[in-house]
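Geometric and topological summary
Single-letter residue listing:
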Amino acid sequence: MSSLYLRRRVTNAVALTLSMGATLVGLAFLAWILWETLRQGISALDLKLFAKITAYGEDGGLANAMVGSLIINFVGIAIATPIGVMAGTWLAEYANRTRLGETIRFLNDILLSAPSIVMGLFVYTIVVLPSTALTHGNTTFSGFAGGVALALIALPVIVRTTDEMLRLVPSTLREAALSLGVPQWKLTCQILIRAARSGIITGVLLALARISGETAPLLFTAFGNNYMTLNPMDKMSSLPQVIYQYANDPGDAMHALAWAGAFVVTMFVLLLSLASRLVLSRNKVSHD
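Basis of the calculations
- Residues numbered from 1 in each chain as written.
- Predicted model: local features only at pLDDT ≥ 70, side-chain atom pairs only at ≥ 80, totals over all residues.
- Heavy atoms only, no water.
- Core = buried A, V, L, I, M, F, W, Y, C linked by side-chain atoms within 4.5 Å.
- Buried < 20%, exposed > 50% of the residue type's maximum accessible area, 1.4 Å probe, protein only.
- Contact = heavy atoms within 4.5 Å.
- Helix = DSSP H or I, 4+ residues; strand = E, 2+ residues; numbered from the N terminus.
- Expected span 1.5 Å × (residues − 1).
- Arc of directions from axis to C-beta.
- Bend = angle between axes of the 7 residues up to and from the residue.

A few words on the nonpolar core. Grouped together as the largest cluster of nonpolar side chains are 31 residues, with contacts concentrated most on I72, I77, L150, A154, I158, A207 and I211. Contact partners of I158, with chain neighbours within four places excluded, come to I77, A80, T81, G84, V85, G203, V204 and A207. Counting residues in each nonpolar core, the second largest holds 16 residues, with A44, A65, I243 and L257 among its members.

Here is the structure:
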C-alpha cells in the first residue's frame, strides 16, 4: 500500500507541475502580447487618430474605421441576438433531452469553432454576389454584408450561452409556475428568461467581444473604405481591416497607426469583458 500511495503522489505532483508549467507559458505569451500592444499602441495614440480619416494615409487617422466598426458590429449583434436567444430558449425549454435538440447542439458547437474566413466566403456568396447582380453593380460590398458575416460568428455563442443559462434555472421554479396553471410560453418569457437575464446579457457581450477583432470575413464583405460613411449599404471600413492593411505596409508611420488601432480594439474588448463580469457579479449579489 505504501508503494501505491507513493506512486500516486508522484503522479499527482508530475501532473500538477506540468499543468502549472503550461499555464505559466500561456500567461507569459499573453502578457507579452498585451505588453507589446500597450507599449506600441500608447506611443502611437494621437488626437488625429480620432479626428481624421484613413484617406490621408500616414497623416490621417482612424475615425472612419472606428465608426465603421461600431456600425458593422451593431448590425451583426442586432441580427444575432434575437435569433440566438430564441434558438437557445427553444433548445433549453422545448427540445431538451430530445434527439433533435442534441443534434442541433452538436451542430452549434461545430459552428463555434468554424473558421471565420469560411463565414466571410459564405456571406460573399449569398449576399454580396446576389446584391451585385440585382442592382447591376450599384451595391456590391457593404457594411450590412459584413454585419451578416459577424452575426453568423456571434450566433452560436449566444445560442450556447442562452441554452446553458436557462438550463441552470432550478426545475422547481418551472414546477411551481406550472402547478399554478401558468402557460408554458408565459413561464418561459416572464419567469425563466428573467431569471437567466444576466447570463444571457453576458453571453451577448462576450459575442460582441468575439466579433470585434474579426478581419477575414470583412475582407470579403465590407471590403473597406478610405472615407467616412454612415450608410451600411456602402463599402465600409473597420478597425481590424485597417490594422491588417497597415501592418502589411512597409512604412513605419503606417505600422504605428496599426498598433494604435490594435490598442483601441484591445481596450474595447477589455471593457466588454469587464462589463460582462460586472453584470454577472451584480446578479450573484442580488441572489445571495
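In this model, helix α4 (residues 99-112) (14 residues) spans 20 Å end to end at C-alpha, consistent with the 20 Å of a helix rising 1.5 Å per residue. Inspection of α4 places G101, R105 and N108 among the buried residues, and these make up the whole buried set. With its buried residues spanning 65° around the axis, α4 presents them on a single face. Every exposed residue of α4 that faces more than 90 degrees away from the buried side is listed here: R99, L100 and F106. On its buried side, α4 packs onto α3 (63-93) and α6 (143-168).

Let us look at α3. Given a rise of 1.5 Å per residue, 31 residues ought to cover 45 Å, and the 44 Å separating the end C-alpha atoms of α3 matches this to within 8%. At T81, α3 is bent by approximately 25°, the largest bend along its length, and proline P82 sits one to four residues beyond.

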